[in-house]
Each structure stands twice: as C-alpha cells, then as structure tokens.
Amino acid sequence: ASPTTGTDHVVRLTPEQAPLYRAVTEGILDQIESAEGIARRGLVLKLLTALKQICNHPAHYLRQAGPLTGRSGKLDASLELLDIIRDEGEASLVFTQYVAMGDLLKAHLEAAGHRTIFLSGQVPLRRREEMVDQFQAGSGVHLGQGAHVGILPVCRDAGSRVPWRTGGGPRG
C-alpha cells in the first residue's frame, strides 16, 4: 500500500464570506444568550451548520445556483488543485458533508471540463455500485489506491470557538 500524505491548505474567507460569517454568528449568538436547554443546543447546532455552509461557499448557505468563482477561498483553492490533478491525468475523490454542496461542485466542475461522478446517500445502492465501477474503469485507479482524495473541511478555528462563546467548555 502507498503511504498516505496529508496536506492542509489554509485559505482565507473572501470579502463576501467574512461579513456573512460575522453577521450570522452575531445574530445566532444573540438568540443563544436568551435560550435555554434543548432550544439553546438547537441554536448552537444551527450556528455550526450555517458556519460550515458559509465556509464551503456563500452560494451554499444562501441556496444559490451561482456564480461560484471568486466567492469562496476554499472552493477556489480546491478547484486549482483539482485542475492540477486532472492535468496530470490522475483521478480525484472529493468528499463533502452536504449534498447541496456536492450538487454545486458537480455543476461547476463539469462546466470547467472535469468528468464527474457524484455519489451521495440519495443514490440507490445498485446505481452506487455502477458508479464505483465506472470510476475505477474510467480512471484506472481503484478507490482507495493511488487516487487523490480531497475533503472540504470547515473553518476549524471558528467551529471550535463557538462552544466557548455559548457558555460551554471544551466538552460542553
């Protein structure tokens, strides 16, 4: 088996993302201050979900079809990396937590000339198996062997600070 190499690419929020991130944070934190019990926990989850989506792309959070280019540091960096991998004739796997973000990525990548296969939990099992076979046959790469794997993580620092600001501790 080939050794696994991981690389973090730290990117900044864009001028569109930063104020949206700040406004959503402030708005929901105001609601959290006056909430109690399960309602408070629900608002914390709502905030974390919103911040993940904003970090993915403003279009994801705002439920827009686009445009995508130049609006998300994470997306722009990911697309640059995917272009390099494609130009070298290699395959990639990209994981995202959200089907809506996957839909945005698929449309954008296809418009940029990438061949895509979008597999989500919404795809029936038989079709998923066909898609895996198609990926392996089309790329010459077996899943988990030699493919470049990309994960679109969230803004780590922002998500880890929220429990502190909402009255919890590192476990709370």
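Throughout this document, residue positions are counted from 1 along each chain, in the order its sequence is written. The predicted origin of the model limits local features to residues at a pLDDT of at least 70 and limits the giving and counting of side-chain atom pairs to 80 or more, whereas totals for whole chains, interfaces and linings rest on all residues. Calculation of side-chain values draws on the structure's entire complement of heavy atoms; hydrogens and water are dropped beforehand.

Colleague: Just checking my understanding: could you explain the overall build of the chain for this structure?
Modeller: Strands are runs of DSSP state E lasting at least two residues, helices are runs of H or I lasting at least four, and both sets are numbered from the N terminus onward. Within the chain, the secondary structure is distributed over seven helices and two strands. Shown N-terminal to C-terminal, the secondary structure of the chain runs as helices and strands in the order α-α-α-α-β-α-α-β-α. In what follows, residue pairs with any heavy atoms lying within 4.5 Å of each other are defined as contacts. Sequence separation of at least 24 residues holds for 60% of the intrachain contacts in the chain that already meet a minimum separation of 6. In this description, accessible areas are obtained by the Shrake-Rupley approach with a 1.4 Å probe, and a residue is regarded as covered only by the protein chains that are shown. Surface exposure of the chain reaches about 11200 Å², of which carbon and sulfur atoms provide 54%.

Colleague: Please clarify how unusual backbone geometry should be interpreted in this entry.
Modeller: Note: most residues except glycine have negative phi, and most peptide bonds are trans. With omega at 0°, the peptide bond leading from Gly66 into Pro67 counts as cis. Within the element layout of this structure, Pro67 appears in the loop between α3 (58-62) and α4 (73-87). Unusually for a residue other than glycine, Arg63 sits at a positive phi of about 60°. Assignment of secondary structure puts Arg63 in the loop between α3 and α4. Each residue's exposure class comes from its accessible area (1.4 Å probe, protein chains only) as a fraction of the maximum for that residue type: buried when under 20%, exposed when over 50%, partly exposed otherwise. Taking the relative accessible area as the measure of exposure, Arg63 reaches 71% and is therefore exposed.

Colleague: Would you mind showing me how to read α4 here?
Modeller: Within an α-helix, residues lying three or four positions from one another point in the same direction, as the helix has 3.6 residues per turn. By this rule the span expected of a helix is its residue count minus one, scaled by 1.5 Å. The terminal C-alpha atoms of α4 lie 21 Å apart, and with 15 residues this matches the ideal 21 Å at 1.5 Å per residue to within 8%. Along α4, the positions that sit buried rather than exposed are Gly73, Lys74, Leu75, Ser78, Leu79, Leu82 and Ile85. The first or second residue beyond α4 is Gly89, which carries a positive phi of 75°.

Colleague: Just to check I follow, could you spell out the layout of surface pockets for this structure?
Modeller: Once rolled over the atoms, a probe with the size of a water molecule shows which space is left empty. By volume, the second largest pocket is sized at about 1000 Å³. The distinction between a cavity and a pocket rests on a 1 Å grid over the protein atoms alone: a 1.4 Å probe fits inside a cavity but cannot get out, while a pocket stays open yet meets protein on both sides within 12 Å along at least five of seven lines, and a residue with an atom within 4 Å of a point counts as lining. Around the second largest pocket, the lining is made up of 35 residues, and of these Ser92, Leu93, Val94, Ile117 and Phe135 lie nearest the centre. Where the lining of the second largest pocket is concerned, the elements lending two or more residues are α4, β1 (92-95), α5 (99-111) and α6 (125-139). Sorting elements by how many residues they give to the lining of the second largest pocket places α6 first, with six residues. Grid points are joined across faces, edges and corners, and a volume is the space filled by probe spheres set on the points.

Colleague: What is the right way to look at the packing of helix α1 (residues 17-34) against helix α2 (residues 37-56) in this model?
Modeller: Two measures define how a pair of helices packs: the angle their axes make with one another and the distance between the axes. An axis is simply a line fitted to the C-alpha atoms; with a helix, the fit covers only the stretch in contact. Between two such axes, the angle follows the N-to-C directions and lies from 0 to 180 degrees. With their axes 10 Å apart at the nearest point, α1 and α2 run at an angle of 180° to one another. With respect to each other, α1 and α2 are oriented roughly antiparallel. Contacts from Gln17, Leu20, Tyr21, Val24, Thr25, Ile28, Leu29, Gln31, Ile32 and Glu33 of α1 reach α2 at Arg40, Leu43, Val44, Lys46, Leu47, Ala50, Leu51, Ile54, Cys55 and Asn56. Note that Gly is not counted as nonpolar here; it falls among the polar residues with everything else outside the nonpolar set of Ala, Val, Leu, Ile, Met, Phe, Trp, Tyr, Cys and Pro and the charged set of Asp, Glu, Lys and Arg. Split into classes, the residues belonging to the contact of α1 with α2 amount to 13 nonpolar, four polar and three charged. In these notes the angle categories are as follows: under 35 degrees is roughly parallel, over 145 is roughly antiparallel, 65 to 115 is roughly perpendicular, and the rest is oblique.

Colleague: Got a minute to help me understand the side chain of Gln53 in this structure?
Modeller: Relative to the helices and strands, Gln53 resides in helix α2. Residue Gln53 is classed as buried on the basis of its relative accessible area, which comes to 12%. What Gln53 contacts, discounting residues up to four positions off in sequence, is His60, Tyr61 and Tyr98.

Colleague: Help me understand the pattern of salt bridges, please; the structure alone is not making it clear to me.
Modeller: For side chains bearing opposite charge, pairing can occur when the charged atoms are close. We define a salt bridge as a contact between a side-chain nitrogen of Lys or Arg and a carboxyl oxygen of Asp or Glu at a distance within 4 Å. Scanning the model with the defined rule gives five salt bridges in all. The salt bridge partner of Arg86 is Asp83, with a shortest N-O separation of 3.6 Å. Here the residue Arg86 and the residue Asp83 both occupy positions in helix α4, the gap between them amounting to three residues, near one helical turn. Overall, Asp83 belongs to the partly exposed group, its relative accessible area being 28%. Between Glu110 and Lys106 there is a salt bridge, with the nearest N and O atoms lying 2.4 Å from each other. On the criterion of helical spacing, the pair formed by Glu110 and Lys106 is a turn pair, its members being four residues apart in helix α5. On the basis of relative accessibility, which here comes to 27%, the residue Lys106 falls in the partly exposed class. What you see here is one network of salt bridges that share partners, running through Asp83, Arg86 and Asp87.

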